[in-house]
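These are the residues of each chain, in order.
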Amino acid sequence: MMAKINDPQTPGKKSRRTMIGLALGFALLIMLGATGGLKKLVLSTGLFDSPPPTEISGPFITDEIRAVPLATADGDTLRLADFDNQVVLLTYWASWCATCRQTNPTIETLSRDLAHRNDIAFLLLSMDNVQESALRYLEGGRFTIPNVFPGAPLPSPLQGASVPTPYVLNRQGQIVYRHTGYANYSTRAFREWVEEVADRDA
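Residues numbered from 1 in each chain as written. Predicted model: local features only at pLDDT ≥ 70, side-chain atom pairs only at ≥ 80, totals over all residues. Heavy atoms only, no water.

*Asks:* Mind showing me how you'd approach the overall build of the protein chain here?
*Replies:* What the protein chain contains, in helices and strands, is six helices and seven strands. When the helices and strands of the protein chain are placed in sequence order, the string is α-α-α-β-β-β-α-β-α-β-β-β-α. For the protein chain, the residues scored as buried account for 41% of the 202 residues in total. Accessible surface computed for the protein chain: about 11400 Å², of which carbon and sulfur atoms make up 55%. (Helix = DSSP H or I, 4+ residues; strand = E, 2+ residues; numbered from the N terminus. Buried < 20%, exposed > 50% of the residue type's maximum accessible area, 1.4 Å probe, protein only. Areas by Shrake-Rupley, 256 points an atom, 1.4 Å probe, with all protein chains shown as cover.)

Encoded structure:
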């Protein structure tokens, strides 16, 4: 005999209600300002794994932008030209930015998940006026992503970005993703999308 739809003992219905309740509870915690370890725990459940990002057909990075010097803490110079024929996730951030402190660890996780891909590069671009503040934060968080400081004003379209703002540049140097504010970049959906972008013209 088939169980009625409204039968509270229907197999699986109770567990579905529990999952929905947990999801709503976690969502409420986030909306109420849950931060730190609690937010990490919520995101790690996978219940909030976001769909693939909305890809854009943005402008191409010009030779002028590719040549802008980006200074490392060791006094070396990097340029976007050093990452030719790679997909690059370039993130504007600052140590005083609370949202950056929530976003950056998810980008670090993504970079470690994609460490086997030589055709995908990550770069943090600090907007800190006091470089030591940025370096202390990075050292405390054990970040492995290279960090640089602008050695000269960045031309448009990378000029004056708010923090945090990650950009994804495809192999041709076109901006295919841009987002300002918090996002979880450690999701499977985002990782698979970045790999798909890299595989297009491999």
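*Asks:* Sorry if this is basic, but what is going on with the packing of aromatic side chains here?
*Replies:* The description of two aromatic rings rests on the distance between their centres and on the angle between their planes. In this structure the tally under the stated criterion is eight aromatic pairs. Ring geometry for Tyr177 and Phe190: centres 5.3 Å apart, planes at 75 degrees, overall edge-to-face. Of this pair, Tyr177 sits in strand β7 (residues 175-178) while Phe190 sits in helix α6 (residues 188-200), placing them 13 residues apart in sequence. For the pair Tyr185 and Phe190, a centre-to-centre distance of 4.9 Å together with 80 degrees between the ring planes defines the contact as edge-to-face. (Phe/Tyr/Trp six-rings, centres within 6.5 Å; stacked < 30°, edge-to-face > 60°.)

*Asks:* I'm lost on the nonpolar core in this one. Help?
*Replies:* Grouped burial of nonpolar side chains is what soluble globular proteins tend to show. Counting residues in each nonpolar core, the largest one holds 28 residues, and the members touching the most others are Phe122, Val168, Phe190 and Trp193. Of all the secondary structure elements, the ones that give two or more residues to this core are β3 (87-93), α4 (98-113), β4 (120-126), α5 (131-140), β7 and α6. Of the residues forming this core, the biggest block, five residues, is contributed by α6. (Core = buried A, V, L, I, M, F, W, Y, C linked by side-chain atoms within 4.5 Å.)

*Asks:* How do you make sense of unusual backbone geometry when you look at a structure like this?
*Replies:* Excluding glycine, most residues fall at negative phi; most peptide bonds, likewise, are trans. The peptide bond linking Ser156 to Pro157 adopts the cis configuration, its omega dihedral lying at 10 degrees. The topology assignment puts Pro157 in the loop between β5 (147-150) and β6 (165-169). Of the consecutive residues Val163 and Pro164, the connecting peptide bond is found in the cis state with omega at -5 degrees. Inspection of the secondary structure puts Pro164 in the loop between β5 and β6. The residue Asn85 is not glycine, and still its phi comes out positive at about 65 degrees. Inspection of the secondary structure puts Asn85 in the loop between β2 (77-78) and β3.

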